[in-house]
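Structural overview
This is what each chain is made of:
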Amino acid sequence: MSTKDEAKPDRISDEQLLRASRSFEAMMLSQIDISAKLANDLKHAIRLGMVVLALIAISILVLLLTLSSQINRISDVVLDMNTNFSSVTIRMDHMSQYIDSMAKRVALLQLMDKQTTSMKNEISDITASMATMRKTIASMAGRVTNVRQSVDGMSVSISRMDDQVQLMASDMQHMAKPARSINKMFPIP
């Protein structure tokens, strides 16, 4: 009787072993399929991410080139304004000297008193105009200073953008490490 009892469990265990090996094989095959799908999805996601990062880098490059050309134009305009301001200042000095010499000559001509008063009024108008011009030049200098500050701000923003791009590149390198490991494990033909 003990031999029959031993034979029955062996027979049942063989069937169970066969079923278990089949289900294990099915599980392994489904796990391999899932791993292959996940690897393909990861490869596509990484490729898409690299394309997006390349587009971002190109757009940042175009933006930097545009900003650089605009800064060069602004710098040229500011240099032209500076030369114009210096020439206006020189002309104002010449005008002031001419007005002084005219005032001395008019003071010597007592016979032309009426003309002298009208010329004095014109000189005061010119002086007022010169004062207005000086105020205008001072306000223009303030605007030039504001433009320079704006250019400095843009330069700081560009350097921050460059830092962000470098951080994104290092993050991409870090994120690409698992994909490289997967590519080494499952090479693409």
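Worth saying up front: this structure is predicted, and the values here are computed from it rather than measured.

Definitions and limits used
Residues numbered from 1 in each chain as written. Predicted model: local features only at pLDDT ≥ 70, side-chain atom pairs only at ≥ 80, totals over all residues. Heavy atoms only, no water. Helix = DSSP H or I, 4+ residues; strand = E, 2+ residues; numbered from the N terminus. Buried < 20%, exposed > 50% of the residue type's maximum accessible area, 1.4 Å probe, protein only. Contact = heavy atoms within 4.5 Å. Patch = residues over 30% accessible without salt bridge, like charges linked within 9 Å, V, L, I, M, F, W, Y side chains within 5 Å. Areas by Shrake-Rupley, 256 points an atom, 1.4 Å probe, with all protein chains shown as cover. Salt bridge = Lys/Arg side-chain N within 4 Å of Asp/Glu carboxyl O. Expected span 1.5 Å × (residues − 1). Bend = angle between axes of the 7 residues up to and from the residue. Lys, Arg positive; Asp, Glu negative; His and termini not counted.

Quick look at the overall build of the protein now. The secondary structure content of the protein amounts to two helices and zero strands. Split into buried and exposed, the 189 residues of the protein put 10% on the buried side. Taking contacts inside the protein between residues at least 6 apart in sequence as the whole, the part at least 24 apart equals 89%.

Here we take up a nonpolar patch on the surface. A cluster of nonpolar side chains, contributed by Phe24, Met27 and Met28, occupies part of the molecular surface with about 310 Å² of accessible area. Mapped onto the secondary structure, Met27 falls in helix H1 (residues 2-108). Residue Met27 is classed as exposed on the basis of its relative accessible area of 52%.

Counted at 1.5 Å a residue, the expected span for helix H2 (residues 113-185) with its 73 residues is 108 Å, and the 107 Å between its end C-alpha atoms agrees. Maximum bend of H2: about 30 degrees, positioned at Lys177, with proline Pro178 one to four residues after it. Residues of H2 that are buried: Thr116, Ile123, Met130, Val144, Val151, Ile158, Met172, Ala176 and Ala179.

Structurally, Ser159 is set in helix H2. Under the relative-accessibility criterion, Ser159 is labelled partly exposed at 36%. Residues Ser159 and Leu64, spaced 95 residues apart in sequence, show a C-alpha to C-alpha distance of 9.9 Å.

With respect to the helices and strands, Lys43 occurs in helix H1. Lacking a salt bridge, the buried Lys43 has Asp41 as its closest oppositely charged neighbour, with an N-O distance of 9.7 Å. Those residues in contact with Lys43 that sit more than four places away from it in its chain are Asn183 and Ile188.

Right, let's talk about the environment of Arg134 for a bit. By secondary structure assignment, the location of Arg134 is in helix H2. Each C-alpha atom, one on Arg134 and one on Thr89, is 8.8 Å from the other, the two residues being 45 residues apart in sequence.

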